[in-house]
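# Fold and contact review
Listed below, chain by chain, are the residues.
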Amino acid sequence: MTATARAFGMVGLRWLAGCRAFGSPALGLLDPPAASSSGRRALASSAAGGEGGDQGSEFYQFRDRKIPFVPELTIHKPSDEIAIPCFRVLDDAGNSVHGDSGEYEVEEPLARKMYETMVRLQTLDTLFYEAQRQGRFSFYMTCFGEEATVIGSAAGLEHADHVFAQYREHGLLLWRGQTLQEFADQCYGNHRDYNKGRQMPIHYGRKDMNVQTISSPLCTQLPQAAGAAYANKLAGYEGITVTYFGEGAASEGDFHAAMNFASTLSCPVLFFCRNNGWAISTPSDEQYTGDGIAGRGQAYGMPAIRVDGMDALAMYHATKAARQYIVENQSPVILEAMSYRTSHHSTSDDSSRYREISEMKAWKARDPVSRFQVWLEGKGWWTESEESELRAEARKEVMKVLDLAERERKRPLRDMVTDVYDEVPQHLERQYEEIKAFALKNKALFPNDTPIE
Ligand SMILES: Cc1ncc(C[n+]2csc(CCOP(=O)(O)OP(=O)(O)O)c2C)c(N)n1
Ligand SMILES: [Mg+2]
């Protein structure tokens, strides 16, 4: 190692300072830190007896990576051909690509539970969507096309794992035991709603299920998840942290901040991208270039997996493998689930205005629920009569909870200012009195089922 190299190693990551040191060998007073353990950058020579400086430096060493010096100037273009392959177990028709080998399968009880939950989720979404269209509550979002992404991954996680979701992953709560009644109460914001009517519909969240409350601004959950994972790691917590987000949300600056923190601090967090092709009316080919979201793992030094998000078996095994990697290495993983939003973005959207019906139909043909059903039937674990029984029962149950939620009284106006502080501070008290007086004077402008008290 030359004196120059020592000097360069000494100044670590500061490029400008490094350049200055480069021209001033006299600064080479300290031994460079061991590159791989300290993370500092050093100059190195692979020539034997390099000490003395005759050979010159041959490469930069950063951690385990050697960056060679070369005499040619090259612009390294990203490859249009290299793509992280997409793992799948089921083909488009629902048959295992592994035939009868039993590879990447699951036991019957788990398979049935996954399928039944996917059907319940589909039914819940169908009827809640219709209820919203009838004006019974204010807003709704479905996850049609992504049932396998959500339920497959929920099944591959542990209850102890902390979840920071976007908004289309309510199936995970269903998997963790949230009742249909609780879904309906939250959407109606009624007296039984655990959010006390303070959140928009579908902005669920509950401590007992380790699921943080959804917040509408895109991608805010990613840095939070990286931070929570880091805190949990320091505390020796057993679970990992998982954060779900859409490929559209991945265009936010917060995505990059979160990835960099997680990678440099080795946070045990799973970055779970639901790439469903659309961010409202923006198609994914206007959202990013290169090898998609999983392809970004390489730049952040983060292991990546790409999965067919419309394949429940692949989703389950990929999530489980990612989780195991995270636990064993106490470091992050990024997973990209490739699917398609077969529904409108939300009840405020009409997707036929910006995409072709033929495109929607082509993706619907890969419906994740039907594909999984075909596989279950092939195993002899599911029959047509079980199918119609489950669908009828789920429909009845969802209609009932909607009906009950609708009849339940609403939370009082006063709930707007309680619980924020231990005691309601004067400024909130004043605002409350103001809005109450206004509501009493303008009853017609207020929902008539909201008690003004
Ligand atoms: C910071 C921010 N910008 C814009 C929006 C409006 N918005 C809500 S959802 C959405 C699209 C998100 O797409 P994606 O992340 O792919 O998730 P998907 O809806 O496809 O599941 C946009 C632009 C927002 N909520 N927050
Ligand atoms: Mg999307």
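Structure first, text after, so check above.
Below: a short report on this structure. (Residues numbered from 1 in each chain as written. Chains lettered and ligands numbered in written order. Predicted model: local features only at pLDDT ≥ 70, side-chain atom pairs only at ≥ 80, totals over all residues.)

## Structural notes on the site of ligand 1
Taken together, 15 residues surround ligand 1, and among them Leu 218, Gly 246, Gly 248, Ala 249 and Ala 279 come closest. Counted by class, the shell around ligand 1 contains six nonpolar, five polar and four charged residues. (Near = placed C-beta within 6 Å. Nonpolar A, V, L, I, M, F, W, Y, C, P; charged D, E, K, R; others polar.)

## Description of the nonpolar core
Core analysis: the largest hydrophobic core is formed by 90 residues, its most contacted members being Met 118, Ile 151, Val 269, Leu 270, Ala 312 and Leu 335. For this core, the element with the highest residue contribution is helix H4 (residues 108–133), accounting for nine residues. Leave out the neighbours within four places in its chain, and Val 269 touches Ala 225, Ala 226, Ala 229, Ile 240, Thr 241, Thr 243, Ala 262 and Pro 332. (Core = buried A, V, L, I, M, F, W, Y, C linked by C-beta atoms within 7 Å. Buried ≥ 20, exposed ≤ 12 C-beta atoms within 10 Å, placed from the backbone. Helix = DSSP H or I, 4+ residues; strand = E, 2+ residues; numbered from the N terminus. Contact = placed C-beta atoms within 7 Å.)

## So, the packing of helix H7 (residues 180–188) against helix H14 (residues 384–407)
Here H7 crosses H14 at 40°, and the two axes come no closer than 8 Å. Taken as axis vectors, H7 and H14 run oblique relative to one another. The hand of the H7/H14 crossing is right-handed. The segment H7 lies against H14, with Leu 180, Gln 181, Ala 184, Asp 185 and Tyr 188 engaging Glu 397, Val 398, Val 401, Leu 402, Leu 404, Ala 405 and Glu 406. (Axes fitted to C-alpha atoms, helices over the stretch in contact; angles between N-to-C directions. Parallel < 35°, antiparallel > 145°, perpendicular 65-115°, else oblique. Left-handed = near helix turned anticlockwise from the far one by under 90°.)

## Considering the sheet that holds strand E3 (residues 65–68)
The strand order E1-E2-E3 describes an open sheet built from three strands, whose pairing is antiparallel. The open sheet is flanked by strand E1 (41–44) and E3, the only strands paired with a single partner. Pairs of neighbouring strands in the sheet enclose a mean axial angle of 30°, with direction left out of account. When E1 meets strand E2 (residues 59–62), the two strands line up antiparallel, connected through four bridges. Bridging from a neighbouring strand, Arg 41 pairs with Phe 62 of E2. (Pairing = 2+ DSSP bridges.)

## Digging into the packing of H4 against helix H5 (residues 147–156)
Describing two packed helices takes the angle between their axes plus the distance from one axis to the other. H5 packs onto H4 with a crossing angle of 140° between their chain directions and a minimal axis gap of 10 Å. Compared by their axis directions, H4 and H5 come out oblique. By crossing handedness, the relation of H4 to H5 is classed as right-handed. Together, Leu 110, Met 114, Thr 117, Met 118, Leu 121 and Gln 122 of H4 and Glu 147, Ala 148, Ile 151, Gly 152 and Ala 155 of H5 make up the contact between the two elements. Residue composition of the contact of H4 with H5, by class: seven nonpolar, three polar and one charged.

On their own, these measurements won't tell you what the molecule is for.
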